[in-house]
Amino acid sequence: MAYVREKAVWFFFFLIIYVILIIKVLTWRQIEHNIFFAGYSIIITIYIFSRFFLSYFHKSVPYNSEYEPTVTFVVPAKNEEDNIAETIRRFSLVDYPKDKIEVITINDGSTDNTLDEMLSIRNELRDSIPVTVVHWGVNRGKRDGMAEGVRRAKNEIVIFIDSDSFIEKNSVKHLVKYFSSREIGAVSGHTDVHNWDTNLLTQMQAVRYYIAFTVYKAAESIFGIVTCCPGCCSAYRREYLNEFLDEWLNQKFLGSKCTFGDDRSLTNFIIRKYQAVYSPEALAYTVVPDTFSKYVKQQQRWKKSWIRETFIASTFMWRKNIVAAFSFYSYLFLAFAAPIVFFRAVVWYPSVAHQWPITYLLGLFLMLFLHGLYYRGKVGRRSWMLAVLNFWFHTVMLMWQLPWAFFTMRDSRWGTR
Amino acid sequence: MLADFSIKKIFSMGAIVIIIMVALVSVPLVAKITTVNDLSLWGSKMRLALEGIRYRIAFAGNNTNSLAGLLWAREPSSEVGGNAQSIPVLLYHGVGDAKARDDAPGAVSLEKFKDQLFSLKKAGWHTVGIEDLYAFLRGDGNLPDKSFVLTFDDGRKDSYYPVDPLLQALDYRAVNFIITKFSIDEERAYYLNKNELAQMVDTGRWDIESHGKADHTFYPIDSAGTQGLFLPNKIWLEGQGRLETLEEYRTRISDDLAASKRSIEDFLGSHVIGFAYPYGDYGQGSQNFSDADLIVPATTHSWYPMSFYQGWYGNDFTANYPYKDVGMVRRIEVDREWSGTDLLAVLDRSREHKLPYDAVFTKSDDWMINWGGVSTDGETLRIGATASTTGSTVYLDGTYTWKNYMFQAHVRSSRGKSVALIARFRDGENYVACNYTSGLMHIDQVLDGSSRTIQGIELADSLPVEDYDIAISVKGRTVACFLNGESVIETPYLDEALDQGGIGFKTWDPDVGTSSIAVQSVHVEAISE
């Protein structure tokens, strides 16, 4: 029965792809009327389908016990007295030779007991792994913390872990195994939402995280251009980081110092010369915002760094694989065209021509439904309809954040968290 | 590249891609859907079909107790038998919530419309198409009893979408008279478009006929800019400061009539035989041209064998008869307030009454008012002048086919100068009457509206006012008048044109609102020639 149900999910998944395609075929002639809007519709279809298509061919590298480089965990933290000890304790429990592990944790001007927690966990683990505690009385920012960690690190691989994230025991193995190839400069782990069952908002984010990693990052990973190895769980080759550490630390955009999107920025430096890939087996869990205002702020911060780093990446992406480059520039176009298309279909046409956006909304719904079915097929959780809800929410509400972020780029107040 | 191009993966993905591609190409080809328009039409077709099934269930549900009946609506048993003598034609404009517009009448509500059609179906009435109607009126074909034609004017969207599912459920069909300018030459939100017309024809349930090309709109008809209808009026030529000439008028209306016919025939590949006069005006309502009522029908019939009008009430029978009504077909404009029972009563009274006939005065609906008024208290029929008329003329619907008969009436009382019995009533302008006036009795023959006395006699006594019998008999060309069972006068010289027709009453007095007659019984018996 379960088998049949699972098959049915994938049947509907492909049925929806079929329905979307047939609508495209039947509306093909609309391209004559308006190349911009019809072009948008075609490009977004190709883009989304190609993500699913490519992610299917994503390859996993087998773990080779011959290759076991030394690793350094870098954990910058500010006011994390509740989580910091547990985060670090888990490093001592990972399935990896203890003598190849070191931990550097930076107390970035905390005003609570974070420092005490750090010191006590250092004592607790003194017979297991070496923990270095760096204490800054005045807050300098996460980027400085990460850079300090890299400078003090002595091992080959640097693994950044957010102070509110936890990793699985075997994640280290699955992160480092990719570095056996000299081309690889960074590896992103797979992050799931730790507090997914808190409320509707966190459930929606859980779905979104899952699909963002398994589909979108996996598709980018094929070409080694994962555009963001997130701070919650990613590994970098220290040798390559040192090439541009100062440049990264002092990065300026539009005349002001960049204080957020540090992970995306760091990845961007890597993929200029080397490759960044995604490891679906390296599992980590992160805590996501559980209130709407925190969520919107986080998204706004991400959008700003997305704009900045995407502009930077667009200066060199064309030199990469043709499919990868096409995907990248397509997405750039789609992200900025989306609010225009939405406005035209949902506000302008209904109010001026009294034409209801049936085709647009149907297309949108089908695309969201497709993501939902993918989640249902892969994860099996009943909450898959939330994917539809979340992507809907994302499209209708958050697409406006992009132009907003664009016009407020220089305002870094959002940058603090 | 970190990609896994194993045989297994490529094979699975390839298979899915091929299946989707094949389906993408084949399904539109098989379903003949090649544009998004086709898709939405296909969608609406499905929707209409579903609604049709729903109506079928609803109809079966309140029409039968058996489970099988719920699954399929069966032809309800009725006293259908024999051939129809006449065909009534119903006229609607739209169904649903559409409000009346300046240039179009309002719609009958869906609930009322459903009730009306369900009632007709239950009573055994069924629709016929326009070709069948034409053959019947020409005398070329028989139709079963209780046949009627359902027509819609203007080709509005609300004459198709709410209607078609009901037609489907009841196995009915309908005629739509479209304005080709709005439906074929242009595309308008309010009117059916070309795709919809094609789809309607495809269902096999619709005849698309003509309501003119641009003649449903108003044009200036004098120097003051008074607006008038296209067909009945000469149009004011502003540039030249004159009305158009007769020749220009003829050409204009003829061109429009021809254009709409050609337009439908070219687009649908059908044969258009019917034209409905916009607003039912074939010239009788002309504001500036008295011959219009001759020229408009004549010009129309040079392009269309049949034309349809409405608003004839009181002048003719409800239904249409072979030979009599070939060119000019009368339609019943269904009142938006009528219930199914009301409409059924109209259609039932239009059916031919059989001889011998004894009137039942429980309701006065069967009696059609040409002039004056008629009412009943259940036992007597009271016919008379109204507060604004000097007299009255009423006739019995469904009696046109009567030929040789004796029409007797028992009068309980009468007031006014004269009382007349009518026979061979063809329409309001053609009949014969036995006229009883104080001291005089004469036979009046009315032909094309002009009355002529063809026989008369002076009476010794004046007409009684209480409890008397009067009668008229028609047999071939012989007319005889009776008083209390006695034949009083007779003539064998009735005009040949009055060879058949029904019965009626007439009253008159010089003083307004005075004349009246209370009839206690009406008996009509056939007499052999």
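Now for a quick tour of the structure. (Residues numbered from 1 in each chain as written. Chains lettered and ligands numbered in written order. Predicted model: local features only at pLDDT ≥ 70, side-chain atom pairs only at ≥ 80, totals over all residues. Heavy atoms only, no water.)

## Side note on the sheet that holds strand S1 (residues 71-77) of chain A
Residues and elements named next belong to chain A.
So, point 1. Overall, mixed pairing links the eight strands, which are arranged S3-S2-S1-S4-S7-S6-S10-S5 in an open sheet. Looking along the sheet, the strands with just one partner apiece sit at the ends: strand S3 (131-136) and strand S5 (165-167). Shown here is a sheet whose adjacent strand axes are inclined to one another by a mean of 30°, direction ignored.
So, point 2. Its contacts with the sheet place helix H8 (residues 238-249) against strand S4 (157-161), strand S6 (184-193) and strand S7 (233-237), and it is angled at close to 80° to S7.
So, point 3. Sheet strands in contact with helix H9 (residues 262-273) are S4, S6, S7 and strand S10 (275-286), and its direction is about 35° off that of S7. (Pairing = 2+ DSSP bridges. Helix = DSSP H or I, 4+ residues; strand = E, 2+ residues; numbered from the N terminus. Axes fitted to C-alpha atoms, helices over the stretch in contact; angles between N-to-C directions. Contact = heavy atoms within 4.5 Å.)

## Section: the layout of surface pockets
Residue and element names in this part refer to chain B.
So, point 1. Estimates place the volume of the second largest pocket at around 460 Å³.
So, point 2. Taken together, 20 residues form the lining of the second largest pocket, with Tyr282, Tyr309, Asp316, Asp427 and Glu429 sitting closest to its centre.
So, point 3. Counting only elements with at least two residues in the lining of the second largest pocket, the list comes to strand S12 (328-330) and strand S20 (418-427).
So, point 4. A per-class count over the lining of the second largest pocket returns five nonpolar, seven polar and eight charged. (1 Å grid on protein atoms, 1.4 Å probe; cavity = no way out; pocket = protein on both sides within 12 Å on 5 of 7 lines; lining within 4 Å. Points joined across faces, edges and corners; volume = space filled by probe spheres on them. Nonpolar A, V, L, I, M, F, W, Y, C, P; charged D, E, K, R; others polar.)

## Some thoughts on the interface of chain B and chain A
Much of the literature gives interface size as the accessible area that the parts lose upon coming together.
So, point 1. Contacts between chain B and chain A engage 21 residues on the former and 21 residues on the latter.
So, point 2. For the pair chain B and chain A, the summed buried area comes to about 1,900 Å², and 77% of that belongs to carbon and sulfur atoms.
So, point 3. On the chain B side of the interface with chain A, the three residues burying the most area are Leu2(B), Met13(B) and Leu24(B), jointly 35% of the side's total.
So, point 4. Remark: the boundary between chain B and chain A carries zero salt bridges.
So, point 5. Where chain B touches chain A, the interface holds three residue pairs in polar contact (both at pLDDT 80 or more).
So, point 6. Of all the secondary structure elements, the ones that give two or more residues to the side of chain B that touches chain A are helix H1 (7-31) and helix H2 (36-61) of chain B.
So, point 7. Per-element tally for the side of chain B that touches chain A: the top contributor is H1(B), with eleven residues.
So, point 8. Looking at side-chain class alone, the side of chain B that touches chain A contains 16 nonpolar, three polar and two charged residues. (Buried area = accessible area lost by both parts, 1.4 Å probe. Salt bridge = Lys/Arg side-chain N within 4 Å of Asp/Glu carboxyl O. Polar contact = N/O pair within 3.5 Å; in protein donor to acceptor, adjacent residues only side chain to side chain.)

## Structural notes on the sheet that holds strand S21 (residues 430-437) of chain B
The strands making up a sheet associate through backbone hydrogen bonding, with each pair oriented either parallel or antiparallel.
Residue and element names in this part refer to chain B.
So, point 1. Spatial ordering of the open sheet is given by S15-S18-S27-S20-S21-S22-S23, a layout of seven strands whose pairing is antiparallel. The outermost strands of the open sheet, each flanked by one partner alone, are strand S15 (367-371) and strand S23 (450-458). Averaged over all pairs of adjacent strands, the angle between strand axes in this sheet comes to 20°, irrespective of strand direction.
So, point 2. As defined by bridge partners, S21 adjoins strand S22 (residues 440-447) across seven bridges and the pair is classed as antiparallel. If you follow Thr437 over to S22, its bridge partner there is Leu440.

## Things to note about H9(A)
So, point 1. Of all twelve residues that make up H9(A), ten are buried, and the element is covered over most of its length.
So, point 2. All buried positions along H9(A) are accounted for by Asp262(A), Asp263(A), Arg264(A), Ser265(A), Leu266(A), Thr267(A), Asn268(A), Phe269(A), Ile270(A) and Ile271(A). (Buried < 20%, exposed > 50% of the residue type's maximum accessible area, 1.4 Å probe, protein only.)

## Description of the pattern of salt bridges
So, point 1. Considering all chains together, one arrives at 37 salt bridges over all chains under this definition.
So, point 2. Arg89(A) is the salt-bridge partner of Glu124(A), the closest N and O atoms lying 2.9 Å from each other. Taken together, the residues Glu124(A) in helix H4 (residues 114-124) and Arg89(A) in helix H3 (residues 84-93) connect sequence positions 35 residues apart.
So, point 3. Among the residues examined, Glu124(A) registers a relative accessible area of 47% and is labelled partly exposed.
So, point 4. Given a relative accessible area of 28%, Arg89(A) falls into the partly exposed group.
So, point 5. Arg47(B) is paired through a salt bridge with Glu51(B); the nearest N and O atoms lie 3.7 Å apart. Remark: Glu51(B) and Arg47(B) occur in helix H2; sequence separation between them is four residues, near one turn of the helix.
So, point 6. A residue is classified by how much of its surface remains accessible, and Arg47(B), at 41% relative accessible area, is partly exposed.
So, point 7. Several salt bridges share partner residues, and in doing so they unite Glu86(A), Arg89(A), Arg90(A) and Glu124(A) into one network.

The values are spatial; any link to function lies outside them.
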